[in-house]
Amino acid sequence: MSSVQPFGLSDDERRPPSSDLLEVVQRGLGAKPKRLPSWLFYDERGSALFERICEQPEYYLTRCEIALMDEHAASIADELGSGVRLVEYGSGNAHKTRMLLEHLRAPVAYVPVEISPEPLRRSVERLAAAFPQLPLQPLCADFSKPLRLPIPPRAPRRTVLYFPGSTIGNFENREAAVLLRKMRNEMGDAGGILIGVDLKKDPALIEAAYNDRAGVTAEFTLNMLARLNREIGSNFELSAFAHRAHYNPMAGRIETHLVSRREQQVKVGRANVKFRADEAIQVEYSCKYSLEDFTALAARAGLAVKRVWTDPQRMFSVQYLVRAGAAAR
């Protein structure tokens, strides 16, 4: 009997109907300055391109996190304890999850939450083969909205929300605190959050990670416009826009933009959107933290940092958060 619970693609709430998507895009391009939400990156091609970004030599984040998991997965599993239900936000290919699952004692279930149906299906197939006894309960949904988690096969000792990578950095501080508060509600009283946090370091190293020489990140960013052309019938000319990512040391973040190479007009629904030469659309932030920064952010959400693990170079961290007041118990 399969350990995989079926999931319906209708559960995917992050991909709105094209009329709603048109409204999201028109509102964003009508704002000053122009902006588009970063979830638009992740159609099927965007998800595949992101996996290629993770393989680029400049992209230290994945290498550092895997080195960290290599060294500390057993210690992390000890901290989480036995009888855990592991809920992963944005599971992608679940490579780091596999490293953790190999060490978890008697996990109750694994619930991968992923916006893109195909990557979710593929990762679940791989994990079902690797962990045939582990109940898998995939959920195709937007993790930033309240989730209806599947009923676990038995009562877990605790629910741990796993948020690897550095995705928390894609949210501005206020939004990040809102998301952490939502996670605090979903984990329950005895639960915890295991979260990847990219650390502040040499700005040149950070900037290079978002401007790889092979141009994969630029292709990934521009794919957002190809998706809009396909899904809402806009007529963005991809060659008329450029990828730009730079580190803002005051804000402690990478700011990624699509920049118009010339004065132009783009048809978006019935609207004609005008662009000046060198006008930018803000498409993503990637915030970097000191350990003190992240402790303060967690506190805003009623959470406390119980444990921190870092890679040997201290470039990246995985942190375990519990309810404020519970860390001392």
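The structure under discussion appears in the preceding block.
This is a predicted model, so every value here is computed, not measured.

Undergrad: With reference to specific residues and values, describe the overall build of the protein.
TA: Within the protein, the regular secondary structure consists of nine helices and 12 strands. Taking 20 Å as the expected radius of gyration for a compact globule of 329 residues, we find that the protein reaches 20 Å, a close match to that expectation. Burial statistics for the protein: of 329 residues in total, 54% are counted as buried. Counted over contacts in the protein with a minimum sequence separation of 6, partners at least 24 positions apart contribute 72%. Roughly 14900 Å² of accessible area belongs to the protein as shown, and the carbon and sulfur atoms make up 50% of that amount. Taking the average location of the 45 positive side-chain charges in the protein and that of its 40 negative ones, the two points are 4 Å from each other.

Undergrad: Account for the nonpolar core, naming residues and giving values.
TA: The tendency in soluble globular proteins is for nonpolar side chains to be buried side by side. The biggest cluster of nonpolar side chains holds 68 residues, and the ones touching the most others in it are L100 and L194. The leading source of residues in this core is helix α3 (residues 60–80), at nine residues. The contacts of L194, once residues within four sequence positions are left out, are I76, L80, L100, V160, L161, Y162, F163, W309, V318, Q319 and Y320.

Undergrad: Lay out the packing of aromatic side chains with the relevant residues and their values.
TA: Applying the stated criterion to the full structure yields 13 aromatic pairs. A centroid spacing of 6.3 Å and a plane angle of 85° characterise the contact between F50 and Y59, whose relative ring orientation is edge-to-face. Connected via pairs of aromatic rings, a cluster forms that spans F41, Y42, F50, Y59, Y210 and F220. Of note, K34 hangs over the ring of F275, and the distance from its end group to the ring centre comes to 4.9 Å. Seen from the ring of Y285, R253 lies directly overhead, with NZ or CZ sitting 3.7 Å from the centre.

Undergrad: Residue-level account of unusual backbone geometry, with values.
TA: Omega for the peptide link from K32 to P33 comes to -5°, which places this bond in the cis form. Note on placement: P33 falls in the loop between α1 (18–30) and α2 (44–54). One non-glycine residue, D278, adopts positive backbone phi at about 75°. With respect to the element layout, D278 can be found in the loop between β9 (271–275) and β10 (280–287).

Undergrad: Can you tell me about the packing of α2 against helix α8 (residues 216–232), naming the residues and giving the values?
TA: Where α2 meets α8, the axes come as close as 9 Å, and the angle between the chain directions of the two elements is 160°. Classified by the interaxial angle, the pair formed by α2 and α8 is roughly antiparallel. Crossing geometry of α2 relative to α8 is assigned as left-handed. Within the contact between the two elements, α2 uses R45, G46, L49, F50, R52 and I53 and α8 uses V216, T217, E219, F220 and N223. Here the contact of α2 with α8 is built from residues that sort into five nonpolar, three polar and three charged.

Undergrad: Explain the state of the cysteines to me, using residue names and the numbers behind them.
TA: Applying the stated criterion across every chain, the model contains zero disulfides. No disulfide involves C140; its sulfur sits 19 Å from the nearest other cysteine sulfur, which is in C54. In this structure C287 is not part of a disulfide, and its nearest cysteine sulfur, from C54, lies 18 Å away.

Undergrad: Could you give me a rundown of the sheet that holds β10, with the residues and numbers involved?
TA: Backbone-to-backbone hydrogen bonds pair the strands of a sheet. The strands run either parallel or antiparallel. Spatially, the three strands line up as an open sheet ordered β6-β7-β10, and their pairing is antiparallel. Looking at the sheet topology across the chains shown, the edges are occupied by β6 (241–248) and β10. Between one strand and the next, the sheet's axes are offset by a mean angle of 20°, whatever the strand orientation. The sheet contact formed by β6 and strand β7 (residues 253–260) spans eight bridges and is antiparallel. Bridge pairing in β7 places Y247 opposite I254.

Undergrad: Provide a residue-level description of the sheet that holds strand β11 (residues 303–310), including the pertinent values.
TA: Taken in spatial order, the seven strands of this open sheet run β3-β2-β1-β4-β5-β12-β11, and their pairing is mixed. Two strands lie at the open edges of the sheet, namely β3 (139–140) and β11, each paired on one side alone. Sheet topology places β11 next to strand β12 (residues 316–323); seven bridges connect them, and they run antiparallel. Residue W309 lies in a different strand from β12, and its bridge partner there is V318.

Undergrad: Talk me through the side chain of T221; I want residue IDs and the actual numbers.
TA: Assignment of secondary structure puts T221 in helix α8. What T221 contacts, discounting residues up to four positions off in sequence, is F41, H243, T256, L258 and V283.

Undergrad: Explain the environment of K267 to me, and be specific about the residues and the numbers.
TA: Position of K267 relative to the elements: it lies in strand β8 (residues 264–268). Between the alpha carbons of K267 and H246 there is a distance of 28 Å; along the sequence they are 21 residues apart. Discounting residues that sit within four places of it in the chain, K267 has contacts with G233, S234, N235 and N272.

Undergrad: Which residues make up the pairing of strand β2 (residues 109–114), and what values do they have?
TA: For a regular strand, the rule is simple: side chains alternate between the two faces of the sheet. Burial within β2 is extensive, with six of its six residues counted as buried. Residues A109, V111 and V113 of β2 are buried on one face, and the alternating residues Y110, P112 and E114, pointing to the opposite face, are buried as well. Bridge count between strand β1 (residues 84–89) and β2: five bridges; the pairing is parallel. Each residue of the ladder has a partner; that of Y89, found in β2, is V113. Once you follow β2 into helix α5 (residues 117–130) and on to β3, the crossover reads as right-handed.

The rules behind the values
- Residues numbered from 1 in each chain as written.
- Predicted model: local features only at pLDDT ≥ 70, side-chain atom pairs only at ≥ 80, totals over all residues.
- Heavy atoms only, no water.
- Helix = DSSP H or I, 4+ residues; strand = E, 2+ residues; numbered from the N terminus.
- Rg over C-alpha atoms; globule rule 2.2 N^0.38 Å.
- Buried < 20%, exposed > 50% of the residue type's maximum accessible area, 1.4 Å probe, protein only.
- Contact = heavy atoms within 4.5 Å.
- Areas by Shrake-Rupley, 256 points an atom, 1.4 Å probe, with all protein chains shown as cover.
- Lys, Arg positive; Asp, Glu negative; His and termini not counted.
- Charge placed at Lys NZ, Arg CZ, Asp CG, Glu CD.
- Core = buried A, V, L, I, M, F, W, Y, C linked by side-chain atoms within 4.5 Å.
- Phe/Tyr/Trp six-rings, centres within 6.5 Å; stacked < 30°, edge-to-face > 60°.
- Lys NZ or Arg CZ within 6 Å of the ring centre and 35° of its normal.
- Axes fitted to C-alpha atoms, helices over the stretch in contact; angles between N-to-C directions.
- Parallel < 35°, antiparallel > 145°, perpendicular 65-115°, else oblique.
- Left-handed = near helix turned anticlockwise from the far one by under 90°.
- Nonpolar A, V, L, I, M, F, W, Y, C, P; charged D, E, K, R; others polar.
- Disulfide = S-S within 2.5 Å.
- Pairing = 2+ DSSP bridges.
- Right-handed = clockwise from strand over helix to strand, strands pointing away.

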